[in-house]
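What follows is each chain in one-letter form.
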Amino acid sequence: MAKVLVLYYSAYGHIETMAYAVAEGAKSAGADVVVKRVPELVPEDVAKASYYKVDQAAPIATVDELADYDAIIFGAGTRYGTVASQMRNFIDQTGALWAQGKLVGKVGSVFTSSATQHGGQESTILGFIPTLMHHGMVVVGLPYAFQGQMGLEEIKGGSPYGASTITGGDGARQPSAIELDAARYQGAHVAKIATKLSA
């Protein structure tokens, strides 16, 4: 049984919702799954004034524990076409893991969100992949075998790089059924590959 960590940062709850869908998918593939989040860097009073979702139940992860998992599925929203600084700050503390090769051969995968269709979902995931490769991780995306990302019947996130959701400029749009299906598929896909590699 592969051990999978779904590690996320979510300011407004969209990525949190996607994270639990990813975890559901990984569990459906037989993995032992843990959902955790990275620390918030914004002061609490500012976060509350900005309507951040401050009541998230997932525990805070530590950098050192990343080595305990066979796969890590990272989720964070897009900020100006790249990953949110809260996630970047956490990842920038993994130098000791890198120096010791603690993540080499483990599976790494990424999902994201943005306000608009062209708000940087692909660039965010593509910009995160070099970090996974520097750690020697095996990168897994969302293959087109997930047919939900095809078609033009509705606006939706998703690409072969990873699942994603579109939040709308005011954040009112929640992940759609197709976007959540994509997250579940990605979680299951990662878990299956991690199980094969960890065997």
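Values in this document were obtained by computation on a predicted structure and should not be read as measured data.

A. Highlighting the nonpolar core. Counting 30 residues, the largest nonpolar core has Val4, Val6, Val33, Phe111 and Ala163 as the members making the most contacts within it. When contributions to this core are tallied by element, the ones reaching two or more residues are β1 (3–9), α1 (14–28), β2 (32–37), β3 (71–79), β5 (107–114) and α6 (177–198).

B. Structural context of the packing of aromatic side chains. Going through the model one piece at a time under the given rule, you end up with 3 aromatic pairs. Pairing Tyr12 with Tyr52 gives two aromatic rings, centres 5.1 Å apart and planes at 75 degrees, and the pair type is edge-to-face. In this pair, Tyr12 sits in the loop between β1 and α1 while Tyr52 sits in the loop between α2 (44–49) and β3, placing the two residues 40 residues apart along the sequence. With relative accessibility at 19%, the residue Tyr52 sits in the buried group. On the numbers, 5.2 Å between centres and 55 degrees between planes, the contact of Phe74 with Phe128 is tilted. One end of the pair, Phe74, is in strand β3; the other, Phe128, is in helix α5 (residues 121–134), and 54 residues separate them in sequence. Of the two residues, Phe74 and Phe128, both sit in the buried class. It is Lys3 that lies over the ring of Tyr69; its NZ or CZ is 5.4 Å from the centre.

C. Region of the structure containing the UniProt feature "domain: Flavodoxin-like" (unreviewed entry) in the chain. Look at the UniProt record and you will see "domain: Flavodoxin-like" (unreviewed entry) annotated at residues 4–190. From the first C-alpha to the last, residues 4–190 spans 9 Å; its make-up is 33% helix and 19% strand.

D. A look at α5. Among the residues making up α5, those that are buried are Gln121, Thr124, Ile125, Phe128, Ile129, Thr131 and Leu132. The arc that holds every buried residue of α5, seen down its axis, measures 165 degrees, which confines them to one face. In α5, the exposed positions angled more than 90 degrees off the buried face are occupied by Met133 and His134. If you follow the buried residues of α5, they end up packed against β3, β4 (82–83), α3 (85–91), β5, β6 (138–139) and β7 (164–166). Once α5 finishes, Gly136 follows within two positions and takes phi at roughly 75 degrees, a positive value.

E. A look at unusual backbone geometry. With phi around 65 degrees, Tyr51 is a residue other than glycine that occupies positive phi space. The exposure class of Tyr51 is exposed, given its relative accessible area of 69%. The backbone phi angle of Tyr80 is positive, close to 55 degrees, even though this residue is not glycine. Here Tyr80 is to be found in the loop between β3 and β4. A residue is classified by how much of its surface remains accessible, and Tyr80, at 86% relative accessible area, is exposed.

F. Molecular detail of the UniProt feature "binding site: substrate" (unreviewed entry) in the chain. The UniProt feature table records "binding site: substrate" (unreviewed entry) at Trp98. Tracing the backbone through its elements, the reader meets Trp98 in helix α4 (residues 95–100). For Trp98, a relative accessible area of 52% corresponds to the exposed category. Excluding its chain neighbours within four sequence positions, the residues that come into contact with Trp98 are His134 and His135.

Rules behind the numbers
- Residues numbered from 1 in each chain as written.
- Predicted model: local features only at pLDDT ≥ 70, side-chain atom pairs only at ≥ 80, totals over all residues.
- Heavy atoms only, no water.
- Core = buried A, V, L, I, M, F, W, Y, C linked by side-chain atoms within 4.5 Å.
- Buried < 20%, exposed > 50% of the residue type's maximum accessible area, 1.4 Å probe, protein only.
- Helix = DSSP H or I, 4+ residues; strand = E, 2+ residues; numbered from the N terminus.
- Phe/Tyr/Trp six-rings, centres within 6.5 Å; stacked < 30°, edge-to-face > 60°.
- Lys NZ or Arg CZ within 6 Å of the ring centre and 35° of its normal.
- UniProt positions renumbered as here; feature names shortened; annotations may be inferred.
- Arc of directions from axis to C-beta.
- Contact = heavy atoms within 4.5 Å.

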